[in-house]
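Commentary on secondary and tertiary structure
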Amino acid sequence: GNSVTQMEGPVTLSEEAFLTINCTYTATGYPSLFWYVQYPGEGLQLLLKATKADDKGSNKGFEATYRKETTSFHLEKGSVQVSDSAVYFCALPNNTDKLIFGTGTRLQVFP
Amino acid sequence: GAVVSQHPSWVICKSGTSVKIECRSLDFQATTMFWYRQFPKQSLMLMATSNEGSKATYEQGVEKDKFLINHASLTLSTLTVTSAHPEDSSFYICSLRRGSGEQYFGPGTRLTVT
């Protein structure tokens, strides 16, 4: 079945640093891919998505490109802020449309 | 996106009692909603799929008699944790599915069983 693997955290960065959180997937066909963000004590929020190969999802300065050659959907941001500190989850649906989540990557940004 | 609310956001109960958590879709009629639980610093674990007007579908290893799910309308699903025990303490999150596989999540309910 479909699966997703993302890099373990925590990722610790200084403000304005460049961020990459790696995510690779295994899937039948080309399902949509998602990044969700969870701020402390809150539920998950959809951060961005890509619905087909070569699509780039973007939101709040974050970007991720759906790359079928490398089966990857890495999350990037050029200049992180303290307010970006959260846990980030890569996800994709399985063949019954249930979401499969990665283990989550905690990002800590210090001033 | 869809707006999803949960109530309560935080509850403490005594061991052996039951707790009901509500999940509401505020701007979308959801035939399918999902219930997850999340332990500290871990990913989400899908517990069950809640289907409007029919029985919920539980994931393997989830006790359906302990975690009662009722999806009585297109905007409300409830999860009742029956005879709660300390090991049921967790963060419970609901979501609804909309569009091309994406899900929209509620803010979560933190349950503490003493």
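Everything numeric here is computed off the predicted structure, so don't read it as measured data.

**Overview of the nonpolar core**
Counting residues in hydrophobic clusters, the biggest one holds 26 residues, and the most contacted among them are L19, W35, L47, L48, F73, L75 and Y88 of chain A. Secondary structure elements with two or more residues in this core: β2 (11-14), β3 (19-21), β4 (23-26), β5 (33-38), β6 (44-50), β8 (62-65), β10 (86-93) and β12 (105-110) of chain A. Residues in contact with L48 of chain A, not counting those within four places in the same chain, are L33, F34, W35, G57, S58, N59, F62, E63, A64, F73 and L75 of chain A. Within the second largest apolar cluster, 25 residues are counted, among which are I21, A48, V81 and L96 of chain B.

**Focus: the packing of aromatic side chains**
This structure, assessed with the given rule, holds eleven aromatic pairs over all chains. On the basis of an interplanar angle of 40° and a centroid distance of 6.4 Å, the ring pair of F67 of chain B and Y92 of chain B is categorised as tilted. Taken together, the positions of F67 of chain B in strand β7 (residues 67-73) and Y92 of chain B in strand β9 (residues 90-97) put the pair 25 residues apart, joining distant regions of the chain. Each residue in the set F34, Y36, F89 and F101 of chain A together with Y36 and F105 of chain B is aromatic and connected to the rest through ring pairs, giving one cluster.

**Considering the pattern of salt bridges**
For the structure shown, the criterion picks out six salt bridges over all chains. Taking the shortest distance from any N to any O, the salt bridge between D84 of chain A and K77 of chain A comes out at 2.8 Å. Residue classification places D84 of chain A among the buried positions, given a relative accessible area of 6%. Note on K77 of chain A: relative accessible area 9%, which makes it buried. Close ionic contact of D88 of chain B with K66 of chain B constitutes a salt bridge, the shortest N to O distance being 2.9 Å. Of this pair, D88 of chain B sits in the loop between β8 (76-81) and β9 while K66 of chain B sits in the loop between β6 (57-58) and β7, and the two are 22 residues apart along the sequence. Judged by its relative accessible area of 5%, D88 of chain B falls in the buried class.

**Re the sheet that holds β8 of chain B**
Residues and elements named next belong to chain B. Strand order across the open sheet formed by four strands is β1-β3-β8-β7, with antiparallel pairing between neighbours. Every interior strand has two partners, whereas the edge strands, β1 (4-7) and β7, have only one. Averaged over all pairs of adjacent strands, the angle between strand axes in this sheet comes to 15°, irrespective of strand direction. Here five bridges tie β7 to β8, and the two strands are oriented antiparallel to one another. Residue pairing in the sheet places N70 in a bridge with T78 of β8.

Conventions adopted
- Along every chain, residues carry numbers that run from 1 in the direction the sequence is written.
- Labels are handed out in written order, letters beginning with A for the chains and numbers beginning with 1 for the ligands.
- Two thresholds apply to this predicted model, a pLDDT of at least 70 for residue-level local features and 80 or more for giving and counting side-chain atom pairs, whereas whole-chain, interface and lining totals are computed over all residues.
- Here the side-chain values reflect all heavy atoms present in the structure, with hydrogen atoms and water set aside.
- Among the buried residues, those of types Ala, Val, Leu, Ile, Met, Phe, Trp, Tyr and Cys that are joined through side-chain atoms within 4.5 Å form a nonpolar core.
- Partly exposed residues are those whose accessible area sits between 20% and 50% of the maximum for their type, while under 20% is buried and over 50% is exposed, using a 1.4 Å probe and protein chains only.
- Here a helix means four or more residues in a row that DSSP labels H or I, a strand means two or more in a row labelled E, and each is numbered from the N terminus.
- By the convention used here, residues are in contact when the closest approach between their heavy atoms is within 4.5 Å.
- In this scheme Phe, Tyr and Trp rings, the latter by its six-membered ring, pair at centre separations within 6.5 Å, and the angle between planes marks the pair as stacked below 30 degrees, edge-to-face above 60, and tilted otherwise.
- Salt bridge, as used here: a side-chain nitrogen of Lys or Arg that lies within 4 Å of a carboxyl oxygen of Asp or Glu.
- Strand pairing requires that DSSP identify at least two bridges connecting the strands.
- As a rule, the C-alpha atoms of each element are fitted with a line to give its axis, helices using only the stretch in contact, and angles between N-to-C directions run from 0 to 180 degrees.

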